[in-house]
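# Secondary and tertiary structure notes
For reference, the chains in residue letters:
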Protein chains: 2
Amino acid sequence: MNIAILLYDKFTALDAIGPYEVLSRLPGARVAFVAAEPGPVRTDNGMLTLLAERSLEDTREPDMVLVPGGPGEVAARAGGVALDWLREADRTSTWTTSVCTGSLILAAAGLLDGRRATTHWLAFDELRRLGAEPVDERVVFDGKLVTGAGVSAGIDMALTLVARIAGDVVAQAIQLGIEYDPQPPFDAGSPHKAPVEIVELLRSRSRFQEQEGETLAAPR
Amino acid sequence: MNIAILLYDKFTALDAIGPYEVLSRLPGARVAFVAAEPGPVRTDNGMLTLLAERSLEDTREPDMVLVPGGPGEVAARAGGVALDWLREADRTSTWTTSVCTGSLILAAAGLLDGRRATTHWLAFDELRRLGAEPVDERVVFDGKLVTGAGVSAGIDMALTLVARIAGDVVAQAIQLGIEYDPQPPFDAGSPHKAPVEIVELLRSRSRFQEQEGETLAAPR
């Protein structure tokens, strides 16, 4: 299975690396990081650079496409080669997937019209505006279109995909291999669980509320 | 706070990127990926390349050091500039940390002698052999030495560190920002929870049992 993870300037690293860590362990899988041009791509905060191995032009008919989110999604969905490539790749893919605000890019490419999908909790309104039907769940399947919620949800999405593709035993073996037995020190990872004042803090600083600089609140 | 994440050939990406995603959001933090030489560093499976921004020589007195694990730890702890650098960095660091088998590198540098520490569940015996006192917990503090269990545990470790450094509100805001509300599709992330046959499968294929090629079972 050929899996292409789309990189673009100012993507959020964990959106891509969480699923990569799971999917790369799927027997027979080959994960490639791809971008408009091969070469260095910087993450949202400028503190990390990944290398895109191949250009989009050289990445034809991947079995799975994965689109991470991040503040760079705004530029990515404004147009350019990525949207055309996504439409083309989706024609032949077995799975077309995203994490966090990556679903806004899929939506901008016209791939989520009327489809059930999720995104970062701060971006539901934007996802609806782009034609999808937002669903407040961590991993959402609508046929071959699979979307994960914010940032860390890509790990859960990838394990769910592995179970569908290769069965529960393989998914459990990978989960145990990466010792994914989460024990967050707080139960604050969802707006339904976090203290109200923290939810409001992030909401007030979100780029989906105001077009200001990036902060803690940014979904990235 | 200057945070240096050590890269080396065949490290495991999520060990490094999980904590990076959390720690980079700590107000005032600056995360740098460092290696013996600056430039491209490939992950354990060869499917991803990260750029090390700085050489170890140019990375002096970081406030926090983080050592990821991965099959490359064997070469990393066999000697070379990384061990000397770790010993030097630990003299002035506020926090010296590792994820997964990164603790074997800290131990090889002599930094875990008689200290309570954790590692990937398959590597406890090796950690003991290297002089540490293995503790079967997800995140282990022994003074300023902080170690996380396998691969994905680095996210929990980093959130716990952020709470210690900047308080619970900041840690919860970061957790909500990355929507870390884990919902793995199976409860198989620990050898105490996974089906026995899957635990045995991974154990039988572990590089800590036999010196063979990497598989699902590798802690990476």
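As shown above, the structure is provided for reference.
Calculation rules
Residues numbered from 1 in each chain as written. Chains lettered and ligands numbered in written order. Predicted model: local features only at pLDDT ≥ 70, side-chain atom pairs only at ≥ 80, totals over all residues. Heavy atoms only, no water. Helix = DSSP H or I, 4+ residues; strand = E, 2+ residues; numbered from the N terminus. Rg over C-alpha atoms; globule rule 2.2 N^0.38 Å. Buried < 20%, exposed > 50% of the residue type's maximum accessible area, 1.4 Å probe, protein only. Contact = heavy atoms within 4.5 Å. Buried area = accessible area lost by both parts, 1.4 Å probe. Salt bridge = Lys/Arg side-chain N within 4 Å of Asp/Glu carboxyl O. Polar contact = N/O pair within 3.5 Å; in protein donor to acceptor, adjacent residues only side chain to side chain. Nonpolar A, V, L, I, M, F, W, Y, C, P; charged D, E, K, R; others polar. Least-squares fit on C-alpha atoms with pLDDT ≥ 70 in both. Axes fitted to C-alpha atoms, helices over the stretch in contact; angles between N-to-C directions. Parallel < 35°, antiparallel > 145°, perpendicular 65-115°, else oblique. Left-handed = near helix turned anticlockwise from the far one by under 90°. 1 Å grid on protein atoms, 1.4 Å probe; cavity = no way out; pocket = protein on both sides within 12 Å on 5 of 7 lines; lining within 4 Å. Points joined across faces, edges and corners; volume = space filled by probe spheres on them. Pairing = 2+ DSSP bridges.

It is worth spelling out the overall build of chain A at this point. Looking only at helices and strands, one finds 8 helices and 11 strands in chain A. Relative to the globule expectation of 17 Å for 220 residues, the C-alpha radius of gyration of chain A, 16 Å, shows essentially globular dimensions. Overall, chain A is about 45 × 40 × 35 Å in size when its C-alpha atoms are taken along their principal axes. Split into buried and exposed, the 220 residues of chain A put 66% on the buried side.

This part takes up helix α1 (residues 13–23) of chain B. Each full turn of the α-helix corresponds to 3.6 residues, which orients residues three or four apart in the same direction. Here α1(B) lies mainly inside the structure; 11 of its 11 residues are buried. For α1(B), the set of buried residues is B:A13, B:L14, B:D15, B:A16, B:I17, B:G18, B:P19, B:Y20, B:E21, B:V22 and B:L23.

Of the residues lining the interface, 70 residues belong to chain A; the matching set on chain B comes to 70 residues. Summing both partners gives a buried area of about 6000 Å² for chain A against chain B, and 62% of it is carried by carbon and sulfur. On the chain A side of the contact with chain B, A:M47, A:L176 and A:E179 bury the most area, a combined 14% of that side's loss. For the interface between chain A and chain B, the tally reads 2 salt bridges. Two residues, B:D181 and A:K193, come together in a salt bridge whose shortest N-O distance is 2.6 Å. For the interface between chain A and chain B, the tally reads 36 residue pairs in polar contact (both at pLDDT 80 or more). Within the residue set of the side of chain A that touches chain B, elements represented by two or more residues are α1 (13–23), β2 (30–35), β4 (49–52), α6 (153–166), α7 (168–177) and α8 (196–205) of chain A. Among the residues making up the side of chain A that touches chain B, the classes are represented as 39 nonpolar, 18 polar and 13 charged.

Bringing the relation of the copies chain A and chain B into the picture now. For these two chains of identical sequence, chain A goes onto chain B by a turn of 180° and a shift of 0.0 Å along the axis, with RMSD 0.0 Å. On this basis, the relationship between the two copies can be described by a two-fold rotation axis. Proximity to the rotation axis, assessed at the C-alpha, singles out A:L50 in chain A; its C-alpha lies 2.3 Å from the axis.

Further remarks concern the packing of α1(A) against α1(B). Between two packed helices, what matters for the description is the angle formed by their axes and the separation of those axes. One way to put it is that α1(A) packs onto α1(B) with a least axis distance of 10 Å and a crossing angle of 150°. Judged by the inter-axis angle, α1(A) sits roughly antiparallel to α1(B). As for how α1(A) packs across α1(B), the hand of that crossing is left-handed. Along its contact with α1(A), which presents A:A13, A:L14, A:I17, A:G18, A:Y20 and A:E21, the element α1(B) presents B:A13, B:L14, B:I17, B:G18, B:Y20 and B:E21. Its residues placed into classes, the contact of α1(A) with α1(B) shows 8 nonpolar, 2 polar and 2 charged.

Let us now look at the layout of surface pockets. Counted as a void, the largest pocket has a volume near 330 Å³. Forming the boundary of the largest pocket are 21 residues, of which A:W121, A:F124, A:D136, A:P191 and B:E179 lie nearest the centre. Partitioned by chemical class, the residues of the lining of the largest pocket number 7 nonpolar, 6 polar and 8 charged.

On to the pattern of salt bridges. Counted under the stated rule, the structure contains 32 salt bridges over all chains. One salt bridge connects A:E126 with A:R77, and the closest N-O pair in it is separated by 2.9 Å. With a gap of 49 residues between them, A:E126 in helix α5 (residues 124–129) and A:R77 in helix α2 (residues 73–77) connect regions that are remote in the sequence. For the pair formed by A:E126 and A:R77, the shared burial category is buried. One salt bridge connects B:R129 with B:E126, and the closest N-O pair in it is separated by 2.9 Å. Linking B:R129 with B:E126, this pair stays in helix α5 (residues 124–129), spanning 3 residues, or about one helical turn. In this structure B:E126 comes out as buried when scored by relative accessible area, which is 17%.

Time to look at the sheet that holds strand β1 (residues 2–6) of chain A. Residue and element names in this part refer to chain A. Strand order in this open sheet of 7 strands is β5-β2-β1-β6-β7-β11-β10, and the pairing throughout is mixed. Each of the sheet's edge strands pairs with one partner strand only, and the pair in question is β5 (54–55) and β10 (139–142). Judged from the 4 bridges that link them, strand β6 (residues 64–67) and strand β7 (residues 95–99) form a sheet pairing that is parallel. Paired with V67 across the bridge in β7 is S98.

A few words now on the environment of A:S103. Residue and element names in this part refer to chain A. Note on placement: S103 falls in helix α4 (residues 102–108). Take S103: its relative accessible area is 0%, and that puts it in the buried class. Separated by 15 residues in the primary sequence, S103 and T118 place their C-alpha atoms 7.1 Å from one another. Contact partners of S103, with chain neighbours within four places excluded, come to S98, L112, T118, T119, L127 and T147. One polar contact links the side chain of S103 to the main-chain carbonyl oxygen of T118, over a distance of 2.9 Å. Of the polar contacts made by the side chain of S103, one reaches the side chain of T119; its length is 3.3 Å.

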